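Survey of secondary and tertiary structure
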Amino acid sequence: PHSDENLPFGWIFSSFMVCCMLGTIAFSHLSNAGVTASRCLVGVLALSSLSFLAMAAPHSSVSIENDANFVSMNSAAYTIQYAGMLFFEFCIGAYYPAMGTVKGTIVPEDQRAAIYNVFRFPMNGLVLVSLVWNLPYGLSFFILAMLMMVASIVGLRATT
């Protein structure tokens, strides 16, 4: 069992930032190789879906001990969750430049701020619903995985 005091938060955070940087570098290489930003986004969404599944799977074996305030989970489950989080950070690193490229070509410059604000409303609504329902972590990650998979399928159909 791990407690929060024993976790190397600095190393964890820096590994997340390295994965994010690697995702940005991967997008740059793919872009230079002729892969379109929209095709790259489909891959990012599919990999994000797998990452969320990796984060959801270990929660089925978690037992929370209320008295000691720690989560008892085997080491392999921690490794799977951590790898899922690292892959998701990689996806984030590739997502932002790819999405910036796509939005730059689709959204007119003079209407960009208004359109982005309209899309923030449903996103914030989903976050609020998620917080109010207080779903278990495993279920939340599973729902996110399914939503990302739907998004990647829609994106694949839109780019072909």
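Anything mentioned here points back to the structure above.
Let me begin by describing the structure that accompanies this report.

The rules we used
- Residues numbered from 1 in each chain as written.
- Predicted model: local features only at pLDDT ≥ 70, side-chain atom pairs only at ≥ 80, totals over all residues.
- Heavy atoms only, no water.
- Helix = DSSP H or I, 4+ residues; strand = E, 2+ residues; numbered from the N terminus.
- Buried < 20%, exposed > 50% of the residue type's maximum accessible area, 1.4 Å probe, protein only.
- Contact = heavy atoms within 4.5 Å.
- Areas by Shrake-Rupley, 256 points an atom, 1.4 Å probe, with all protein chains shown as cover.
- Core = buried A, V, L, I, M, F, W, Y, C linked by side-chain atoms within 4.5 Å.
- Expected span 1.5 Å × (residues − 1).
- Axes fitted to C-alpha atoms, helices over the stretch in contact; angles between N-to-C directions.
- Parallel < 35°, antiparallel > 145°, perpendicular 65-115°, else oblique.
- Left-handed = near helix turned anticlockwise from the far one by under 90°.
- Nonpolar A, V, L, I, M, F, W, Y, C, P; charged D, E, K, R; others polar.
- Salt bridge = Lys/Arg side-chain N within 4 Å of Asp/Glu carboxyl O.
- Phe/Tyr/Trp six-rings, centres within 6.5 Å; stacked < 30°, edge-to-face > 60°.
- Lys NZ or Arg CZ within 6 Å of the ring centre and 35° of its normal.

**Focus: the overall build of the protein chain**
Within the protein chain one finds five helices and two strands. Burial analysis of the protein chain (160 residues in total) assigns 23% to the buried set. Pairs at least 24 residues apart make up 78% of the contacts formed inside the protein chain by residues separated by at least 6 positions. With the model as given, the accessible surface of the protein chain reaches about 10,800 Å², and the carbon-plus-sulfur share is 70%.

**Digging into the nonpolar core**
Side chains that are nonpolar tend, in soluble globular proteins, to be buried together. By size, the foremost hydrophobic cluster in this structure holds nine residues: Phe 27, Ala 37, Cys 40, Leu 41, Val 44, Cys 91, Ala 94, Ala 98 and Val 102. Of all the elements in the fold, those that place two or more residues in this core are helix H2 (37–56) and helix H3 (75–106). Look past the residues within four positions of Cys 40 in its chain and what remains in contact with it is Phe 27, Leu 30 and Val 35. Counting residues in hydrophobic clusters, the runner-up holds five residues, among them Met 55, Ala 56, Phe 141 and Ala 145.

**With respect to helix H1 (residues 9–32)**
With 24 residues, H1 ought to run about 34 Å at 1.5 Å a step, and its terminal C-alpha atoms sit 35 Å apart, in line with that. Ser 15, Phe 16, Cys 19, Gly 23 and Phe 27 are the residues of H1 that are buried. Directly beyond the C-terminal end of H1, a positive phi value near 100° is found at Gly 34.

**With respect to the packing of H2 against helix H5 (residues 137–159)**
Here H2 crosses H5 at 160°, and the two axes come no closer than 8 Å. One finds that H2 runs roughly antiparallel with respect to H5. By crossing handedness, the relation of H2 to H5 is classed as left-handed. Counted by class, the contact of H2 with H5 contains 16 nonpolar, seven polar and one charged residues.

**Details of the pattern of salt bridges**
According to the stated counting rule, one finds one salt bridge in the structure shown. The salt bridge involving Glu 109 is made with Arg 112; its shortest N-O contact spans 3.4 Å.

**A look at unusual backbone geometry**
Of note in the backbone geometry, Asn 134 takes a positive phi value of approximately 55° without being a glycine. For Asn 134, the position within the fold is in the loop between helix H4 (112–133) and H5. The class for Asn 134 is exposed, based on a relative accessible area of 62%.

**Some points on the packing of aromatic side chains**
Counted by the stated rule, this structure contains four aromatic pairs. Measuring from ring centre to ring centre gives 4.7 Å for Phe 52 and Phe 88, while their planes differ by 40°; the resulting arrangement is tilted. With a gap of 36 residues between them, Phe 52 in helix H2 and Phe 88 in helix H3 connect regions that are remote in the sequence. Aromatic ring contacts, followed pair by pair, group Phe 52, Phe 88 and Phe 141 into a single cluster. Positioned above the aromatic ring of Tyr 116 is the side chain of Lys 103, whose terminal nitrogen or guanidinium carbon lies 4.4 Å from the ring centre.

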